[in-house]
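A structural walkthrough
This is what each chain is made of:
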Amino acid sequence: MQLARLIAPCAVTALTVVLLAPAETRAFVIFGDALDLTQRDFRIFNSFTAPSANSNQVPDPDFPGSVGAELAIRKGVAEWGSRPHGSGLTDRTQDLLGSGGSNFDAFYAGRALAMGGPNRNIVSAISGGLAFAITDIPIGDGWRIRFFDGAGTWNDDPRGILTGPFPADIQGVMTHEFGHALGLDHSLVPGATMQEQQVNAGIEFRSIEDDDRAGVNFIYGAISPRKPTIDTYELPSPGVVRIVGERFDATQNDVWFTPADPMVPGDGTPIIVSAVSSVPGSGGTVIEIPVPADAGPGDIAVRIPGIRPDALSNVFPFDPIREPWTPPEHYGTPGTSSAGTPVELEWDSIPSLTAGGVWLEVQGGGVGGFGMVVEGAARGASSTGYGTLLLGGSLRRAEMFPLFLGIGQAWVPFDGGAFVGARRTYQVWIPDGGPAGGVFSDAIEVEIVP
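These lines cover the structure that appears in this document, whether it is placed above or below.

Reading the values: the criteria
- Residues numbered from 1 in each chain as written.
- Predicted model: local features only at pLDDT ≥ 70, side-chain atom pairs only at ≥ 80, totals over all residues.
- Heavy atoms only, no water.
- Helix = DSSP H or I, 4+ residues; strand = E, 2+ residues; numbered from the N terminus.
- Rg over C-alpha atoms; globule rule 2.2 N^0.38 Å.
- Contact = heavy atoms within 4.5 Å.
- Areas by Shrake-Rupley, 256 points an atom, 1.4 Å probe, with all protein chains shown as cover.
- Lys, Arg positive; Asp, Glu negative; His and termini not counted.
- Charge placed at Lys NZ, Arg CZ, Asp CG, Glu CD.
- Phe/Tyr/Trp six-rings, centres within 6.5 Å; stacked < 30°, edge-to-face > 60°.
- Buried < 20%, exposed > 50% of the residue type's maximum accessible area, 1.4 Å probe, protein only.
- Lys NZ or Arg CZ within 6 Å of the ring centre and 35° of its normal.
- Pairing = 2+ DSSP bridges.
- Axes fitted to C-alpha atoms, helices over the stretch in contact; angles between N-to-C directions.
- Core = buried A, V, L, I, M, F, W, Y, C linked by side-chain atoms within 4.5 Å.
- Salt bridge = Lys/Arg side-chain N within 4 Å of Asp/Glu carboxyl O.

**Overview of the overall build of the protein chain**
When helices and strands are counted, the protein chain shows three helices and 27 strands. Relative to the globule expectation of 22 Å for 450 residues, the C-alpha radius of gyration of the protein chain, 23 Å, shows essentially globular dimensions. When contacts within the protein chain are restricted to residue pairs at least 6 apart in sequence, long-range pairs at least 24 apart make up 65% of them. Approximately 17400 Å² of the protein chain is accessible, and the part contributed by carbon and sulfur atoms is 57%. Between the mean site of the 27 positive side-chain charges and the mean site of the 50 negative ones, the protein chain shows a separation of 3 Å.

**A closer look at the packing of aromatic side chains**
Under the defined criterion, the tally for this structure stands at 18 aromatic pairs. Measuring from centroid to centroid gives 5.7 Å for Tyr386 and Trp429, while their planes differ by 75 degrees, and the two rings are edge-to-face. One end of the pair, Tyr386, is in the loop between strand S22 (378–384) and strand S23 (387–392); the other, Trp429, is in strand S26 (residues 423–431), with 43 residues separating them in the sequence. Exposure remark for Trp429: the relative accessible area of 17% places this residue in the buried category. An aromatic cluster is defined as three or more aromatic residues linked by ring pairs; in this entry it consists of Phe42, Phe104, Tyr108, Trp143, Phe178 and Tyr220. Sitting over the face of the ring of Trp347, Arg92 holds its NZ or CZ atom 3.8 Å from the ring centroid. Directly above the ring of Tyr331 sits Arg379, whose terminal nitrogen or CZ lies 4.2 Å from the centroid.

**Describing helix H3 (residues 210–220)**
Listed in full, the buried residues belonging to H3 are Asp211, Asp212, Ala214, Gly215, Val216, Ile219 and Tyr220. Buried-residue contacts for H3 involve strand S3 (27–30) and helix H2 (170–182). Taken from the residues just after H3, Gly221 is the one with a positive phi, measuring 85 degrees.

**Focus: the sheet that holds strand S20 (residues 357–363)**
With antiparallel pairing, three strands are arranged side by side in an open sheet as S19-S20-S25. The open sheet terminates on both sides in strands that have one partner only, identified here as strand S19 (344–347) and strand S25 (407–413). Ignoring which end each strand starts from, the neighbouring axes of this sheet average 25 degrees apart. Note: S20 against S25, seven bridges, orientation antiparallel. By the bridge assignment, Trp359 is partnered in S25 with Trp411.

**Considerations on the nonpolar core**
With 40 residues, the main nonpolar core has Phe48, Trp143, Phe147, Trp154, Ile170 and Phe178 as its most contacted residues. Of all the secondary structure elements, the ones that give two or more residues to this core are S3, strand S4 (41–44), helix H1 (68–78), strand S6 (122–126), strand S7 (133–137), strand S8 (144–148), H2 and H3. For this core, the leading source of residues is H2, giving six residues. Setting aside anything within four residues of it in sequence, one finds Phe48 in contact with Ala53, Asn54, Ala69, Ile73, Ala125, Phe147, Asp149, Trp154 and Ile170.

**Side note on the environment of Pro51**
Locating Pro51 in the fold gives a position in the loop between S4 and H1. Once the C-alpha coordinates of Pro51 and Pro342 are considered, the two residues, 291 residues apart in sequence, prove to be 42 Å apart.

**Quick word on the environment of Gly284**
Along the polypeptide, Gly284 turns up in the loop between strand S14 (271–276) and strand S15 (286–290). Note on Gly284: relative accessible area 10%, which makes it buried. Measuring from C-alpha to C-alpha, the distance between Gly284 and Asp91 comes to 32 Å, with 193 residues separating the pair along the chain. Discounting residues that sit within four places of it in the chain, Gly284 has contacts with Gly245, Glu246, Arg247, Phe248 and Ser278.

**A closer look at the sheet that holds S15**
As summarised here, the arrangement of the three strands in space is S11-S12-S15, forming an open sheet in which the pairing is antiparallel. Where the open sheet ends on each side, the last strands, each with one partner, are strand S11 (229–237) and S15. Taking each pair of neighbouring strands and ignoring which way they run, the sheet shows an average axis angle of 20 degrees. Bridge count for strand S12 (residues 240–246) against S15 is five bridges, and the pairing is antiparallel. Bridged to Arg242 within S15 is Glu288.

**A look at unusual backbone geometry**
For the peptide bond that leads from Ile137 to Pro138, omega is 5 degrees, which places it in the cis range. Unlike most non-glycine residues, Asn119 shows phi in positive territory, near 70 degrees. For Asn119, the location among the structural elements is in the loop between strand S5 (107–111) and S6. On the basis of relative accessible area, Asn119 is assigned to the partly exposed category, the value being 25%. A positive phi angle, near 55 degrees, is found at Ala275, a position not held by glycine.

**Focus: the environment of Asn103**
With respect to the element layout, Asn103 can be found in the loop between H1 and S5. Since its relative accessible area comes to 5%, Asn103 is described here as buried. When the C-alpha atoms of Asn103 and Val240 are compared, they prove to be 28 Å apart, with 137 residues separating the residues in sequence. Filtering out sequence-adjacent residues up to four positions away, Asn103 remains in contact with Arg40, Tyr220, Gly221, Ala222, Ile223, Ser224, Lys227, Pro309 and Asp310.

**Topic: the pattern of salt bridges**
When the charged atoms of two side chains with opposite charge come close together, those side chains can pair. Counted according to the given criterion, the structure contains 24 salt bridges. Of the charged contacts, one joins Arg213 and Asp210 as a salt bridge, the two residues approaching to 2.9 Å between their closest N and O atoms. Placement of the pair is Arg213 and Asp210 together in helix H3, with a separation of three residues, close to one helical turn. With relative accessibility at 52%, the residue Asp210 sits in the exposed group. With its nearest N and O atoms 4.0 Å apart, the salt bridge here joins Glu375 to Arg424. In this pair, Glu375 sits in strand S21 (residues 369–376) while Arg424 sits in strand S26, placing the two residues 49 residues apart along the sequence. Assigned by exposure class, Glu375 and Arg424 land together as buried. Within this structure, Glu375, Arg396, Asp415 and Arg424 form a network of salt bridges that share partners.

In structure tokens form, the structure reads like this:
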């Protein structure tokens, strides 16, 4: 058994170095091994002991069924996926989560009952502190990733805020380690996620870079036009799922589901509904089947006949009782400050009922002072001296917040009538040095999630 470590020198021998351009320093390194379609599953045994490793209890609609360290680990894996994971927008530390662009996608097969032995595709934490984490290789018959619980203070904060002595980011370290599970060794490129030395306690590893994408594309091939894709799903009636996408087989699709309950340590097989036909007349774009009784929140995927890496679709988040969420949507035209800059509003956290509100950020104002968040129950359009008020329905002044150099952040709690599935609209007024004395931003509509 050879071991690939995050910080300690790598113990792998007989490595292959692939130079992308002879005159450049860009070069990824591979083990010469890969995961076939029987090794696309992964499971998690959450054995972290630090409270900061499981401090985030806010559900993420793109990773149903997981919170805490389990959610952070799933995000680290999802970054290597062929396409954005669900909306791809729920990790606010990067523009898009899921940017591998190859024929590889990893399927979340649920929680494990124990950390398991080698080759079981299980992520866990163990005592000790030799390095931050370690991945068992070779990988062709499976892998194992273990975090060292004593290497530092593990953090799962989705915004990348680290606490405690020698803090480290679970999501970023997992992204790096899963690169080893895919067949990549430490990169020679500074700034690559697969470089050996971390700079910012692992947060910089959350987003894979060009050299990392080049490596996973070399191993599994750039995303193929034959690869099936899942775009979304619907729940047309209780216990039934309608999967919408492209390039499904006419008669021989296998649909994968995440098990509802933890599985024994040696079994990472997803729940599979075999030999499913596409809906007649859909041209391979729709599959409709009953949801298995033992399927839970997690992922779905579709496999078409064949053993090539492109026979498995992208992995799509799935909740058997809830359809995919609608990410916050910008609308309207930003007002313009007296300095000539647009006053733009952005969402900065998941609008979660569990969290009780949403973080908003505005920028573009030219003076300091305090801004004001206004909340509405619907969209609207009415003229005011400050520009267009883009909110409708019942309105309330939701929050005041300080501005510094025209930038401000506000935590906006939901009103007492908020519920999962409800929508709220937000707009910000900021003071301005122009004749009107203030200006409105553009607006955002959000769907409240669990």
